[in-house]
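Spelled out from the first residue to the last, the chains are:
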Amino acid sequence: AIPLVVAISTAVSAKNGLLVRNRTAFENSRKITTVIFDKTGTLTKGEFGVTRFKSTQDGMSDDELLQVAASIENNSEHPIAAGIVNKSKSGNLELDEAENFKNITGKGIQASVNGKEYKIVSPGMLSELGIDQPEDAFKSDDETVVFVVSEDKLLGYIALADEIREDSFEAIKTLKNRGIKVLMATGDNEKVARAVSETLGLDDYYAEVLPEDKQQIIKDLQEKGEFVAMTGDGVNDAPALAQANVGIAVGSGTDVAAETADILLVNSNPKDISNLILFGTATYKKMM
Ligand code: ADP
Ligand code: MG
């Protein structure tokens, strides 16, 4: 039978944006020593706006670059995609159909438009393709920049910016006051990761992380004796969520992540995680 205090606490949690799928993990939340947050959509709002876009290709206008990028991004669920598609709509650009759309996990997307193949990729993937970054691509540490490539040739870049959630500041303060280490793992570039980490006063961060690397990051921390909670939103986060002592899927996340997680963070709000730890501790004390 489920102890009454636990049943009540999980119900209280649900009202506060937490859905407990695994009761043991909920009770274990009092043991958490390290929390690893993902960045986009959890510590930040996950609402990217395009700040700059530029064609670097002779004969292609900036709008033509945005148009083809938006035609491809129209098939992606990444918050970057929404930013690019919205920008094309505000410029009244007509989108084309994209074919053979594919995610390049943690690195970008690819598809063909009007018979021509394109990739839209991270700075890391761009250098993997052996292409140099244009000098003016990065102007601010707050910008996420993606590159449009066709046939291993750079066509241009699009810079976007997201904002830190107000609630993140308090959540991190609460966790740190309880002596819990707060880390961030993101697929985004090093500069953005460092800027967010410094602004929020995080203990450390991992940038340009591939989903499959997250599980190893957690294992290493566990070997050092840490009891790790991790948030994740993607299909590819499932192994990491399973590895974590407390795996937390964020609300906007995919079903696969949700199925593997111990706890669902319905509003993707980091404050609900500091509350989870407070609830978990209070519940444990009542059970003693
Ligand atoms: P995160 O959730 O931390 O942003 P992801 O693994 O989802 O990490 O993405 C990592 C990087 O891959 C992004 O920062 C971006 O550079 C690139 N990327 C992913 N999806 C897209 C997309 N739809 N369009 C352009 N770039 C993308
Ligand atoms: Mg992601």
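Residues numbered from 1 in each chain as written. Chains lettered and ligands numbered in written order. Predicted model: local features only at pLDDT ≥ 70, side-chain atom pairs only at ≥ 80, totals over all residues.

- As recorded by an unreviewed UniProt entry, the protein chain carries the name Cadmium-translocating P-type ATPase and is attributed to Fulvivirga sedimenti.

Quick look at the site of ligand 1
No. 1: Near ligand 1 there are 19 residues, and of these Ser76, His78, Gly106, Ser122 and Gly187 occur at the shortest range.
No. 2: When contributions to the shell around ligand 1 are tallied by element, the ones reaching two or more residues are helix 3 (39-43), helix 5 (79-90), strand 5 (108-113) and strand 7 (143-150).
No. 3: Looking at side-chain class alone, the shell around ligand 1 contains five nonpolar, nine polar and five charged residues.
No. 4: Among the domains, domain 1 (4-45 + 164-287) and domain 2 (49-161) are the pair contributing at least three residues each to the shell around ligand 1. (Near = placed C-beta within 6 Å. Helix = DSSP H or I, 4+ residues; strand = E, 2+ residues; numbered from the N terminus. Nonpolar A, V, L, I, M, F, W, Y, C, P; charged D, E, K, R; others polar. Domains from an automatic or database assignment.)

So, the pairing of strand 4 (residues 98-104)
No. 1: In this structure, strand 4 lies alongside strand 5, joined through five bridges in antiparallel fashion. Directly across from Ala98, in strand 5, lies its bridge partner Val113.
No. 2: Taking the residues that link successive antiparallel strands as the turn, the strand 4-strand 5 hairpin has three residues, and the phi of Gly106 there is positive, at about 70 degrees. (Pairing = 2+ DSSP bridges.)

A few points about the confidence of the model for the protein chain
No. 1: Across the protein chain, the average pLDDT comes to 90, with 92% of residues at or above 70.
No. 2: Of the two predicted TM-score estimates for the complex, the pTM is 0.90 and the ipTM is 0.97. (pLDDT = per-residue confidence, 0-100.)

Description of the sheet that holds strand 8 (residues 153-161)
No. 1: Across the sheet, six strands lie side by side as 3-8-7-6-5-4; this open sheet has antiparallel pairing. The sheet is open, and its two edges are formed by strand 3 (49-55) and strand 4, each paired on a single side. Between one strand axis and the next, the sheet turns through 20 degrees on average, direction left out of account.
No. 2: In the sheet, strand 3 pairs with strand 8 via six bridges, with the strands oriented antiparallel. The residue of strand 8 that forms the bridge with Val50 is Leu160.
No. 3: Helix 4 (residues 62-73) rests against strand 3, strand 4, strand 5, strand 6 (116-121), strand 7 and strand 8 of the sheet, and its axis sits at about 120 degrees to strand 3. (Axes fitted to C-alpha atoms, helices over the stretch in contact; angles between N-to-C directions. Contact = placed C-beta atoms within 7 Å.)

Examining the domain arrangement of the protein chain
No. 1: As far as domains go, the protein chain holds domain 1 (4-45 + 164-287) and domain 2 (49-161).
No. 2: Counting residues at the interface gives 13 residues for domain 1, matched by 11 residues for domain 2.
No. 3: Of all the secondary structure elements, the ones that give two or more residues to the side of domain 1 that touches domain 2 are helix 3 and helix 8 (190-200).
No. 4: Residue contributions to the side of domain 1 that touches domain 2 peak at four residues, all from helix 8.
No. 5: When the residues that make up the side of domain 1 that touches domain 2 are grouped by side-chain class, the tally is four nonpolar, five polar and four charged.

So, the packing of helix 4 against helix 5
No. 1: Two elements in contact, helix 4 and helix 5, have axes whose closest approach is 9 Å; the angle formed by their N-to-C orientations is 130 degrees. Judged by the inter-axis angle, helix 4 sits oblique to helix 5. Taken as a pair, helix 4 and helix 5 cross one another with a handedness that is left-handed. Listed contacts from helix 5 to Leu66, Gln67, Ala69, Ala70 and Glu73 of helix 4 are Ala81, Ile84, Val85, Lys87 and Ser88.
No. 2: Tallied by class, residues from the contact of helix 4 with helix 5 come to six nonpolar, two polar and two charged. (Parallel < 35°, antiparallel > 145°, perpendicular 65-115°, else oblique. Left-handed = near helix turned anticlockwise from the far one by under 90°.)

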